[in-house]
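Okay, here's what each chain looks like letter by letter:
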Amino acid sequence: MNALPLMPKATAVWLIEKTALTFTQIAEFCGMHPLEVQAIADGEVAQGIVGYNPVKNHQVTQAEIERCEKDPAQRLKILPAPNPIHRRSKGARYTPVAKRNDRPDAIAFLLRNFPQLSEVHMVKLLGTTKDTIEKVRTRQHWNSANIKPRDPVILGLCSQTDLNAMVNAANERLAREGQAVPQPIELDNDPI
């Protein structure tokens, strides 16, 4: 699917008023039906909508409009956004108060089952701190007697997709460094 211009109806109003493009060309550019564009031109639809100039707002060039005005078979192409939307990186995130006591259990699970994960991976995955990870690892955590390794996916602290991605990244890092991927430690109900 092609990207649509910002405010498609207002853009269609401007293109109808200011250009010699066909209704089909305008409809395809704005993601509308040609009959809807014709209704806008006839004044039946979009009354009172102020036209939105796509040239001034860097969505299409004047040269592109002129090229399409000369040949009705041509289609307008929208310009790529000059500043793409930046997604927030996956990092430490808010954990509800009710789930915060589950973090040490999840850390213990990751330490036992995925020893290849670095502290940085665990911090990003669980939204915890390196200090907490170290305290769970060395059994210095204030609640270490009650920590039971539990899967962070089941606890709702991360998604299975995120966990798999982190484990794969850690395995690839070990493979690049020429180290063997460690196997999970098999213990019978013994924490860490």
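Our structure's up above, just so we're on the same page.
Residues numbered from 1 in each chain as written. Predicted model: local features only at pLDDT ≥ 70, side-chain atom pairs only at ≥ 80, totals over all residues. Heavy atoms only, no water.

Peer 1: Could you give an account of the side chain of Thr-19, naming the residues involved and the relevant values?
Peer 2: Summarising the element assignment, Thr-19 is placed in the loop between helix H1 (8-18) and helix H2 (23-30). At 2.4 Å, the side chain of Thr-19 forms a polar contact with the backbone oxygen of Leu-15. Excluding its chain neighbours within four sequence positions, the residues that come into contact with Thr-19 are Trp-14, Ile-65 and Glu-69. (Helix = DSSP H or I, 4+ residues; strand = E, 2+ residues; numbered from the N terminus. Polar contact = N/O pair within 3.5 Å; in protein donor to acceptor, adjacent residues only side chain to side chain. Contact = heavy atoms within 4.5 Å.)

Peer 1: Can you explain the side chain of Asp-102? Please cite residues and give values.
Peer 2: Checked against the element boundaries, Asp-102 lands in the loop between helix H5 (97-100) and helix H6 (103-113). Judged by relative accessible area, Asp-102 falls into the buried class, the value being 16%. Other than its neighbours up to four places away in sequence, Asp-102 contacts Arg-150, Leu-155 and Leu-157. (Buried < 20%, exposed > 50% of the residue type's maximum accessible area, 1.4 Å probe, protein only.)

Peer 1: Any details on H6? Residues and values, ideally.
Peer 2: Residue pairs spaced three or four apart in an α-helix point in one direction, given the helix's 3.6 residues per turn. With eleven of eleven residues buried, H6 is to be regarded as a mostly interior element. Listed in full, the buried residues belonging to H6 are Arg-103, Pro-104, Asp-105, Ala-106, Ile-107, Ala-108, Phe-109, Leu-110, Leu-111, Arg-112 and Asn-113. In the core, the buried residues of H6 are packed alongside H5, helix H7 (119-126), helix H8 (130-137), helix H9 (152-155) and helix H10 (160-176).

Peer 1: Explain the environment of Leu-15 residue by residue, including any values.
Peer 2: Along the chain, Leu-15 turns up in helix H1. Separated by 50 residues in the primary sequence, Leu-15 and Ile-65 place their C-alpha atoms 9.2 Å from one another. Residues within four places of Leu-15 in sequence aside, it is in contact with Leu-21, Ile-26, Phe-29, Cys-30, Pro-54, Ile-65 and Leu-76.

Peer 1: Lay out the packing of H2 against helix H3 (residues 34-42) in plain terms, naming residues and giving numbers.
Peer 2: At a minimum axis separation of 8 Å, H2 and H3 run at an interaxial angle of 110 degrees. The orientation of H2 with respect to H3, classified from their angle, is roughly perpendicular. In the packing of H2 onto H3, the handedness of the crossing is right-handed. Here H2 contributes Phe-23, Thr-24, Ile-26 and Ala-27 to the contact with H3, which in turn contributes Pro-34, Val-37, Gln-38 and Ala-41. Its residues assigned to classes, the contact of H2 with H3 shows six nonpolar, two polar and no charged. (Axes fitted to C-alpha atoms, helices over the stretch in contact; angles between N-to-C directions. Parallel < 35°, antiparallel > 145°, perpendicular 65-115°, else oblique. Left-handed = near helix turned anticlockwise from the far one by under 90°. Nonpolar A, V, L, I, M, F, W, Y, C, P; charged D, E, K, R; others polar.)

Such coordinate-based values are descriptive only and should not be taken to indicate function.
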